[in-house]
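# Notes for the structure review
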Amino acid sequence: MSKTFKLDGREIPFETGQTIMDAALAAGVYIPHLCHNPEFAPHGSCRVCVVDVGGRQVSACTAAASEGMEVDSSSEAIQATRRAILQMLFVEGNHVCPACEKSGACQLQAVAYYTGMLAPHFTHFFPRRPVDASHPDVVIDFNRCILCELCVRASRDHDGKRVFAISGRGLESHLVIDSASGLLGDSSFAASDKAAHVCPTGAILPKGRGYETPIGERLYDREPISIVGDVRAHEEEVL
Amino acid sequence: MNASAVVTVEGFVAESLATHGRDPRHLLQHLIRVQQRFSYVPDAAVEALSAALDVTRTQVRAAVAFYAFLHERPRGAFEIRFSDNITDRMLGSRRLIRLLIERLGLSGLPAWGRDLIRDDGRVSVGLASCTGMCDQGPALLVNGQAVTNLDAQRVDRIADLVQEGIPLERWPGEFFRVENNIRRRGLLLGNPATDGAALRRLVDEGADAALAEVERSGLRGRGGAGFTTALKWRFCREAPGTDRYVVCNADEGEPGTFKDRVLLTDYADLVIEGMTVCAGVIGARRGFLYLRGEYRYLLPHLESVLQRRRAEGLLGTRILGRDGFDFDIEIHLGAGAYICGEESALIESLEGKRGVTRKRPPFPVTSGFDDQPTVVNNVETFLASARVVQWGGYWLRGEGTDQSAGSKILSVSGDCARPGIYEYPFGTPVHRVLSDCGAENTQAVQISGAAGATLSPAEFDRIIAFEDLPTAGSFMIFDDSRDLLDMVRNFAAFFAHESCGFCTPCRVGGALLRNLVEKVAAGQGSEYDLSEMRHIGAVMREASYCGLGHTAPNHVLNTLDKFPSIYRRRLAREAHTPSFDLDAALSEARGIAGRDDPGTHIHKLSGETA
């Protein structure tokens, strides 16, 4: 008999060592997330997967599941916190959904809809950020980077290349590329790298394939993210 | 300006590598040396360190961009940073900054992350977070060295010295004098002398007996969180690992705290003895003292204490002649990052990386430095534990409350006649501290630093204790002549500057909060903005990744509750007020249209209530 905890009233089985997120995903229960990807060690930076455990808010991707715990992942209070966090991400960068080729297959956008976010609410920072189109196969639009570090982790832990890193601190934190010029085209990055296929937003995109699927027929246009899950699992359909 | 004969960047890095080793974990220490020598970290140093230490050039640059005292571009040969804590401001630092800037022929004012650099490269002027000299401010750092007790005359003289290019070694010695200002001595400060008695007791009676005394004493961590010291040591001792480490957290970054500065000056022997006792208890062979960059002037003194203790057989191999009792301490410098006071960020920094908080669990006691079991304690905790082992647990229990045994050392600054160091038994009420230090007409006390609590006079009966007012020791006093919004503005800017940027609520929320505070201060706020501040503050408090984000909005939330008038008297309107000028925004359009008639202007909004 495996151990269980309660997630929004539902019994979720788990094994020792699993996080709330691991157990929920395994049981087919969706907890919204952006920086989490089960292929990599939990990170806990975006805070979108925040849940309430006994009156304390914790990130589901890093908090260990324990016997009998009661987890609230769907109350209005929790959804409101997530919405505010998403609104912060939207005003921090320059996320112009109608003009973004990832629109409809973007996890940031889909999670925002899931939490009921309809407007960015806070004052935009409108940072000036570059677009790096120096690589023959892949383009990086830093305006859409949410600092989830998935590309950093994929390049370091999977590709063994350490192409990406986060530099600066506070609101000045930004993604940087390891090459003499700082450009992707001068780095060892390749389109076949894992790092090219983990971005939850439209920050890292393959060149030459934009708009193959018309807007309106894209992944999250058809069904919400709580049903279809992460964009990485559907990569071939959404490009 | 530097004694080193090596002039090329490559040569300097090679010398640093030869002297201090090629452990990638020494990256930050190499970078600090390069910064000191060249006033920035040149590309050639990035390339050389990257090649030698097996870190990417991007990781090197990321470290440079993270630490406030490292720079990608040259600063002045005299790099001047004014401490910008609210206590410095209350002592007139803004006026002195303007004076110096004028005297040096610079224009504008420095801001967080924006230094003024003179074209000839002679001098630059910037800001630093609290440099720990609040009892003798305003203060500044020049090439990392602390200058205290600034006034117009001293600033004038500094300008002359810079203009004449006089090297720091020939500046007047009194500029660099740092007083201890110990005003009240208790259990710990009563006697700085030690002859290794705690270590002898450890060696004579064994590690179990020493740990039992620490347990009996009820000693809790003096860094503010109050974790039971004996428990921490026991967890670390029992955790599986190949090596164990002792780390002294001397990254005293909380604005308004300066007691560790004094402890490291006059009580360094006892602090190091406490670390050594801890090493004996947990079985560590290596320890680190992580010294905040602002206190680098203490480095020669601390090195000499370490050296003397080695010579006396109190540190190094075969301590007190006992086989197998080997323990030594390295001093690592910080480089301007408040977050590194958090123990897991401190460990990241010890390992040469950006000081980003680790996921917890695992806690450092099981997986700390080099992923090995590590005890991280505050300077004051090590000092207390040395005495506890020497004099027994009941000695500490003789003072304080049931839950808070012993005494607490406070750093008192702000509006009072006698700022300085005060040691009190736990359980002492706030009003007692205020009367002892000669504070009058006190409007508010900010306890435990910018991250702590803002107390109104109705709370001055509350006591210093873990069960009521836990504190790392910062105690800043504001009399009724002060506008508390100045404090809020200072702290909001501080937290936006010091957020490590890892998690969304602290990184973005902190910047949003700072901007809203500035909006209200500019007289453009409304009731709506105040409720937005509460909303953002609540999200930061609940959803941030670490303690920095959890506590960063405290000052805003506390003052909104207890001192609402500091905000309300500035509200332009009850309802929403835009932060931009609608009419001015149309000026470009008016220019294009070639019109300036009344129909092209937006006039005062109707329905204004304020």
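Here is what the cut-offs are and how they apply
- Residues numbered from 1 in each chain as written.
- Chains lettered and ligands numbered in written order.
- Predicted model: local features only at pLDDT ≥ 70, side-chain atom pairs only at ≥ 80, totals over all residues.
- Helix = DSSP H or I, 4+ residues; strand = E, 2+ residues; numbered from the N terminus.
- Rg over C-alpha atoms; globule rule 2.2 N^0.38 Å.
- Buried ≥ 20, exposed ≤ 12 C-beta atoms within 10 Å, placed from the backbone.
- Contact = placed C-beta atoms within 7 Å.
- Domains from an automatic or database assignment.
- Core = buried A, V, L, I, M, F, W, Y, C linked by C-beta atoms within 7 Å.
- Axes fitted to C-alpha atoms, helices over the stretch in contact; angles between N-to-C directions.
- Parallel < 35°, antiparallel > 145°, perpendicular 65-115°, else oblique.
- Left-handed = near helix turned anticlockwise from the far one by under 90°.
- Nonpolar A, V, L, I, M, F, W, Y, C, P; charged D, E, K, R; others polar.
- Pairing = 2+ DSSP bridges.
- Right-handed = clockwise from strand over helix to strand, strands pointing away.

Counting secondary structure elements, chain A contains seven helices and ten strands. Here the C-alpha atoms of chain A give a radius of gyration of 18 Å, agreeing with the 18 Å that 2.2 N^0.38 yields for 239 residues. Its C-alpha atoms give chain A principal-axis dimensions of roughly 55 × 35 × 35 Å. Residue burial in chain A is summarised as follows: out of 239 residues, 48% are buried. Sequence separation of at least 24 residues holds for 64% of the intrachain contacts in chain A that already meet a minimum separation of 6.

Next up on the list: the domain arrangement of chain B. Assigned domains of chain B: these are domain 1 (9-66), domain 2 (78-179), domain 3 (184-397), domain 4 (407-482), domain 5 (485-568) and domain 6 (580-610). For domain 1 of chain B versus domain 5 of chain B, the distance between C-alpha centres works out to 36 Å.

Counting 259 residues, the largest nonpolar core has Val247, Val271, Cys278 and Leu383 of chain B as its most contacted members. Ignoring any residue separated from it by four or fewer positions in sequence, one finds Val247 of chain B in contact with Gly287, Phe288, Tyr290, Leu346, Leu350, Phe369, Thr374, Val375 and Val376 of chain B.

With that settled, the discussion passes to the packing of helix H6 (residues 93-103) of chain B against helix H7 (residues 152-163) of chain B. Residue and element names in this part refer to chain B. Put simply, H6 and H7 touch, their axes get as near as 9 Å, and they point 30° apart. On the basis of the axis angle, H6 is roughly parallel to H7. Remark: the crossing between H6 and H7 carries right-handed chirality. On H7, the residues that touch Leu96, Leu99, Leu100 and Arg103 of H6 are Ala152, Val155, Asp156, Ile158 and Ala159. In terms of residue class, the contact of H6 with H7 is made up of seven nonpolar, no polar and two charged.

Residues and elements named next belong to chain A. Judged by pairing direction, the sheet is antiparallel, and its three strands sit side by side in the order S6-S7-S10 without closing on themselves. The sheet is open, and its two borders are formed by strand S6 (131-132) and strand S10 (204-206), each paired with just one other strand. Pairing of strand S7 (residues 138-141) with S10, which is carried by three bridges, proceeds in the antiparallel orientation. Considered in S10, the bridge of Val138 is made with Pro206.

Below, the discussion takes up the pairing of strand S9 (residues 328-333) of chain B. Residue and element names in this part refer to chain B. Bridge count between strand S8 (residues 286-291) and S9: six bridges; the pairing is parallel. Residue pairing across strands places Tyr290 opposite His332, the latter belonging to S9. In this view, the connection linking S8 to its parallel neighbour S9 by way of helix H13 (residues 299-311) has right-handed handedness.

A word on the packing of helix H20 (residues 527-543) of chain B against helix H22 (residues 554-562) of chain B. Residue and element names in this part refer to chain B. Contact geometry of H20 with H22 gives a least axis separation of 9 Å together with a crossing angle of 135°. Considering the angle they form, H20 stands oblique to H22. The element H20 and its partner H22 pack so that their crossing is left-handed. The segment H20 lies against H22, with Leu530, Met533, Arg534 and Gly537 engaging Val556, Leu557 and Leu560. Looking at the contact of H20 with H22 residue by residue, the class counts come to five nonpolar, one polar and one charged.

As a further point, take the interface of chain B and chain A. Each partner contributes residues to the interface: chain B has 29 residues there, and chain A has 27 residues. Contributions of two or more residues to the side of chain B that touches chain A are made by helix H4 (57-66), helix H18 (484-498), helix H19 (504-521) and H20 of chain B. The dominant element in the side of chain B that touches chain A, judged by the number of residues it contributes, is H19 of chain B, at eight residues. Partitioning the side of chain B that touches chain A into residue classes produces 14 nonpolar, ten polar and five charged.

All names here are of chain B. Here we have five strands laid out as an open sheet, ordered S2-S3-S1-S4-S5, and mixed in their pairing. Only two strands of the sheet have a single neighbouring strand rather than two, namely strand S2 (116-117) and strand S5 (145-147). Relative to strand S3 (residues 123-128), S2 is paired through two bridges, and the arrangement is antiparallel. Bridging across to S3, Leu116 finds its partner in Val125.

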